Amino acid sequence: EVQLVESGGGLVQPGGSLRLSCAASGFTFSSYGMSWVRQAPGKGLEWVSYIHSGSGSTSYADSVKGRFTISRNSAKNTMWLQMNSLNPGDTAVYYCAAERDADLTTMRAAKAIDYWGQGTQVTVSS
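Q: Would you mind showing me how to read the overall build of the chain here?
A: On a plain count of helices and strands, the chain comes out with one helix and 11 strands. Secondary structure of the chain in N-to-C order comes out as β-β-β-β-β-β-β-β-β-α-β-β. Its C-alpha atoms give the chain principal-axis dimensions of roughly 40 × 25 × 25 Å. Taken over 126 residues, the chain has a buried fraction of 44%. Summed over its atoms, the accessible surface of the chain is roughly 6,100 Å², and 45% of this surface lies on carbon and sulfur atoms. Side chains of the chain carry 10 positive and 9 negative charges; the gap between the two charge centres is 6 Å.

Here it is as structure tokens:
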């Protein structure tokens, strides 16, 4: 059974930090590129960050660059998103996503995702 389980979301004040986790099982985690994708209320899906399956190279949306850091550990089948300097525009449901043979272009488009998590809510408010 394939599972992607996000955790770590919650309510935080502007300027604060959160660390999201995505625990994967049921597939060969190390063979999949991984992304974080978010959806704000009433908005469409927005790609946030990508980490390559092998090299570990990363990429970020301009809106989060310099504030968010993505990482993964294949031995733990886990991916993380460290979010600093949060602002209300970051309020969204955050999903982890897995794509076999992914590259940056396909994951930014988020149209060929193989597996999705159920999401975790992040709310940034004073």
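Q: I'm lost on the pattern of salt bridges in this one. Help?
A: Pairing between side chains becomes possible if they bear opposite charge and their charged atoms approach one another. Counted under the stated rule, the structure contains four salt bridges. Across the pair Arg38 and Glu46 runs a salt bridge whose closest N-O atoms are separated by 2.8 Å. Residue Glu46 is classed as partly exposed on the basis of its relative accessible area, which comes to 32%. A salt bridge links Asp62 to Lys65, with the nearest nitrogen and oxygen atoms 3.2 Å apart. Each member of the pair, Asp62 as well as Lys65, is classed as exposed. Within this structure, Arg38, Glu46, Arg67 and Asp90 form a network of salt bridges that share partners.

Q: Looking at this model, I keep getting lost on the state of the cysteines. Mind explaining?
A: What we call a disulfide is simply a covalent bond connecting the sulfur atoms of a pair of cysteines. Throughout the structure, instances matching the rule amount to one disulfide. A disulfide bridge connects Cys22 with Cys96, and the sulfur atoms are separated by 2.1 Å. Here Cys22 and Cys96 share a disulfide; its torsion about the S-S bond, 60°, makes the bridge right-handed. Of this pair, Cys22 sits in strand β3 (residues 18-25) while Cys96 sits in strand β9 (residues 92-100), and the two are 74 residues apart along the sequence.

Q: What am I meant to see in the sheet that holds strand β8 (residues 78-83) here?
A: Whenever strands of a sheet pair, they do so through backbone hydrogen bonds, lying parallel or antiparallel. On the basis of which strands lie adjacent, the open sheet formed by four strands has the order β1-β3-β8-β7 and antiparallel pairing. Of all strands in the sheet, those bounded by a partner on one side alone are β1 (3-7) and β7 (68-73). For this sheet, the mean angle separating the axes of adjacent strands, direction not counted, is 15°. Alignment of β7 against β8, held across six bridges, turns out to be antiparallel. Across the sheet, residue Ile70 finds its bridge partner in β8, namely Leu81.

Q: Is there a simple way to explain unusual backbone geometry in this structure?
A: A positive phi is found at Asn77, a non-glycine position, where the angle reads about 50°. Here Asn77 lies in the loop between β7 and β8. In the Ramachandran plot, Ala110 falls in the positive-phi region, its phi being about 55° despite a non-glycine side chain. By secondary structure assignment, the location of Ala110 is in the loop between α1 (104-109) and β10 (115-116).

Q: For this particular structure, what's the right way to read the pairing of β1?
A: Put simply, side chains in a regular strand alternate between the two faces of the sheet. In β1, alternate side chains face the same way, and those of Leu4 and Glu6 are buried while those of Gln3, Val5 and Ser7 on the opposite face are not. Direction of pairing for β1 relative to β3: antiparallel, over a ladder of five bridges. Within β3, the residue paired with Leu4 across the bridge is Ala24.

Q: Hey, could you run me through the nonpolar core in this one?
A: Among soluble globular proteins, nonpolar side chains are generally buried collectively. Counting residues in each nonpolar core, the largest one holds 34 residues, and the members touching the most others are Met34, Trp36, Met79, Leu81, Met83 and Tyr94. Residue assignment for this core shows that the elements contributing at least two residues are β3, β4 (32-39), β5 (45-51), β7, β8, β9 and β11 (120-124). The leading source of residues in this core is β9, at five residues. If we skip the residues at most four places from it in the chain, Tyr94 touches Glu6, Leu20, Trp36, Val37, Arg38, Val48, Phe68, Leu81, Met83, Gly119, Thr120 and Val122.

Rules used in this analysis
- Residues numbered from 1 in each chain as written.
- Predicted model: local features only at pLDDT ≥ 70, side-chain atom pairs only at ≥ 80, totals over all residues.
- Heavy atoms only, no water.
- Helix = DSSP H or I, 4+ residues; strand = E, 2+ residues; numbered from the N terminus.
- Buried < 20%, exposed > 50% of the residue type's maximum accessible area, 1.4 Å probe, protein only.
- Areas by Shrake-Rupley, 256 points an atom, 1.4 Å probe, with all protein chains shown as cover.
- Lys, Arg positive; Asp, Glu negative; His and termini not counted.
- Charge placed at Lys NZ, Arg CZ, Asp CG, Glu CD.
- Salt bridge = Lys/Arg side-chain N within 4 Å of Asp/Glu carboxyl O.
- Disulfide = S-S within 2.5 Å.
- Pairing = 2+ DSSP bridges.
- Axes fitted to C-alpha atoms, helices over the stretch in contact; angles between N-to-C directions.
- Core = buried A, V, L, I, M, F, W, Y, C linked by side-chain atoms within 4.5 Å.
- Contact = heavy atoms within 4.5 Å.

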